[in-house]
Amino acid sequence: MSQEEYDDEEYDGSGQEDYEDDENERESETPLDSARSVKEDEIPKALHNNPLTENHASNGLSLLAKTGDGLGHAYVRMEVKGKEITDISVIKRYAHVRYIDFSSNKISEVSALSNLPHVLYISLKNNLIETIEGLTPRPYLQVINLEGNYISQLSQLEHPMLSTLNLNHNRIATLGGLAKLKNLVVLEVRANRLTSTAGIDAPSIKELYLAENNISSIVSMDHLVNLEVLHLRNNAISKLEGLCKLPSLRYLNLRDNKIDSYEEVGKLKVLPNLKRIVLEGNPISSSNDYRIEVLVVLPALVQLDKVEFAPEDYEDAHEVTQEREAENQLAEEAKAAALLEASKERAYEEEGEGDGEYQEDDQEYNENDGDENDENDEEYYDDEEQ
């Protein structure tokens, strides 16, 4: 598998995966429309009603294919972007449409999409959506892109075939509503308001993107047994215990966090498949011998900060490990010797105290014996005189 597969992933609207380097800032990669320039906590409203017309719809149709019943043909892709559309009610007249792209409009209500029984792909990127409660379960829906909207929380989602959900650049503070997405593979929640990883209750997830939040607490991830790729770039993470039960994890991006000890990184040694990690931008990355020190605590790594280790790196790390093991052994031996010496000294002290007590007892005995002899002698002389 190529290195590109471990970089941030984004759907470009065509249904094809567009892999890109996650070192680029997300804002510059996916510019939001002018509505995003308003005050952060203010939700803009459309100034006038501008419904989707049949003219818009027909001009946006493409991709001729068989209808769902197989009895005819129809255009199955509709793309109407950047037209300031506010109302999409007319979409119910196009029941054969399977691919919808209404990006960069002024849409706030999505319930009309429930009239598309065969829809596979929906992109509503950069609109004015606050909730998607109106979208009823779609039996074949596989991809939803809601990037750049105003969603603050998720209602329960129940699309049985959904595999990719993009919620980047919204206002979500707590995740939830994912438990019934049994086929969800890719979840993107970059640049939201998350402070923890709680609520990611979809165990089928393989790729999880949580960069650019304010996450400091990694919790409730033990059930993500299929997770292979995890992006936590640009958060507030300093502790890694919460990542230690992800048996399938092979790529981990922790760039620009608050990890300041190799001991913390070493906790990830229990992950059997972890081969690639990004730690650039953490306090430890500026220390001497950074790459070797990471390899010492994670000897199974193949790549650090997207640069693969050379054979000599493994040799150096092995040598450092042996030296430290020898030093630790000597330290343990010295500690054991010191404890033994201290134990001996205590024994000598206790023995000395015992001898002193014996001498005092002997002296006391002699004194008492002398007193008794004196008394007996006095009694003897008294008897003689009588």
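Whatever comes next refers back to the structure up there.
Residues numbered from 1 in each chain as written. Predicted model: local features only at pLDDT ≥ 70, side-chain atom pairs only at ≥ 80, totals over all residues. Heavy atoms only, no water.

K.L.:
What's the story with the overall build of the protein chain in this structure? I'm lost.
P.N.:
The helix and strand tally for the protein chain stands at 5 helices and 15 strands. With 386 residues in all, the protein chain has 42% of them scored as buried. Of the contacts formed within the protein chain by residues at least 6 apart in sequence, a portion of 33% connects residues at least 24 apart. Summed over all atoms, the accessible surface of the protein chain reaches about 20300 Å², with 46% contributed by carbon and sulfur. (Helix = DSSP H or I, 4+ residues; strand = E, 2+ residues; numbered from the N terminus. Buried < 20%, exposed > 50% of the residue type's maximum accessible area, 1.4 Å probe, protein only. Contact = heavy atoms within 4.5 Å. Areas by Shrake-Rupley, 256 points an atom, 1.4 Å probe, with all protein chains shown as cover.)

K.L.:
Explanation requested: unusual backbone geometry in the structure shown.
P.N.:
Note: most residues except glycine have negative phi, and most peptide bonds are trans. Positive phi, close to 55 degrees, is recorded for D289, a residue that is not glycine. By the secondary structure assignment, D289 is in the loop between β13 (276–278) and α4 (290–297). By relative accessible area, D289 is classed as exposed at 55%. Phi is positive for K306, which is not a glycine, with a value near 65 degrees.

K.L.:
Please clarify how empty space enclosed by the protein should be interpreted in this entry.
P.N.:
Over the atoms a probe the size of a water molecule is rolled, and this reveals where empty space is left. Following the criterion strictly, the structure yields 1 cavity of 30 Å³ or more and no others. Space inside the largest cavity adds up to approximately 30 Å³. V110, L113, I122, L124, I132, L135, I144 and L146 are the residues that line the largest cavity. Residues belonging to the lining of the largest cavity are distributed by class as follows: 8 nonpolar, no polar and no charged. (1 Å grid on protein atoms, 1.4 Å probe; cavity = no way out; pocket = protein on both sides within 12 Å on 5 of 7 lines; lining within 4 Å. Points joined across faces, edges and corners; volume = space filled by probe spheres on them. Nonpolar A, V, L, I, M, F, W, Y, C, P; charged D, E, K, R; others polar.)

K.L.:
Can you help me understand the layout of surface pockets in this one?
P.N.:
Quantified by volume, the second largest pocket comes out at close to 230 Å³. Of all the secondary-structure elements, those providing two or more residues to the lining of the second largest pocket are α4 and α5 (311–385). Among the elements that line the lining of the second largest pocket, the one with the most residues is α5, at 6 residues. Looking at the lining of the second largest pocket residue by residue, the class counts come to 6 nonpolar, 2 polar and 3 charged.

K.L.:
It is not clear to me how the environment of L304 should be interpreted in this structure. Could you clarify?
P.N.:
The topology assignment puts L304 in strand β14 (residues 303–304). Considered as a pair, L304 and V278 are 26 residues apart in the sequence and their alpha carbons are 5.7 Å apart. Once residues lying within four places of it in the same chain are set aside, the contact partners of L304 are I277, L279, Y290, R291, V294 and F309.

K.L.:
Would you take a moment to explain the pattern of salt bridges for this structure?
P.N.:
For side chains of opposite charge, pairing can occur when their charged atoms come near one another. The final tally for this structure, using the stated rule, is 14 salt bridges. The salt bridge partner of K180 is E158, with a shortest N-O separation of 3.8 Å. In this pair, K180 sits in the loop between β8 (164–166) and β9 (186–188) while E158 sits in the loop between β7 (143–145) and β8, placing the two residues 22 residues apart along the sequence. When salt bridges that share partners are traced, they join K239, E241, E264 and K267 into one network. (Salt bridge = Lys/Arg side-chain N within 4 Å of Asp/Glu carboxyl O.)

K.L.:
Can you help me understand the packing of aromatic side chains in this one?
P.N.:
Aromatic rings considered in pairs are described by the distance between their centres and by the relative angle of their planes. In the structure shown here, the tally under the stated rule is 1 aromatic pair. Ring geometry for F309 against Y314: centres 5.9 Å apart, planes inclined by 65 degrees, an arrangement best described as edge-to-face. Look at F309 and you get buried, because its relative accessible area is 8%. Y314 sits in the partly exposed class, given a relative accessible area of 32%. Against the face of Y99 rests R77, its NZ or CZ located 4.9 Å from the ring centre. Positioned over the ring face of F309 is R291, at 4.6 Å from the centre of the ring. (Phe/Tyr/Trp six-rings, centres within 6.5 Å; stacked < 30°, edge-to-face > 60°. Lys NZ or Arg CZ within 6 Å of the ring centre and 35° of its normal.)

K.L.:
What am I meant to see in the side chain of N105 here?
P.N.:
Relative to the helices and strands, N105 resides in the loop between β5 (99–101) and β6 (121–123). According to the relative accessible area criterion, N105 is buried, its value standing at 1%. At 2.9 Å, the side chain of N105 and the backbone nitrogen of K83 are in polar contact. In this structure the side chain of N105 is engaged in a polar contact, spanning 3.0 Å, whose partner is the backbone oxygen of F102. (Polar contact = N/O pair within 3.5 Å; in protein donor to acceptor, adjacent residues only side chain to side chain.)

K.L.:
Mind showing me how you'd approach the pairing of strand β4 (residues 73–79) here?
P.N.:
Where strand β3 (residues 61–66) lies against β4, 5 bridges are found, and the strand directions are antiparallel. Among the inter-strand pairings, L64 is bridged to a residue of β4, identified as Y75. Following β3, the chain reverses through 6 residues before pairing antiparallel with β4; G70 in that reversal takes a positive phi of roughly 75 degrees. Examined bridge by bridge, β4 and β5 share 3 bridges and lie parallel to one another. Counterpart to R77 in the pairing with β5 is Y99. (Pairing = 2+ DSSP bridges.)

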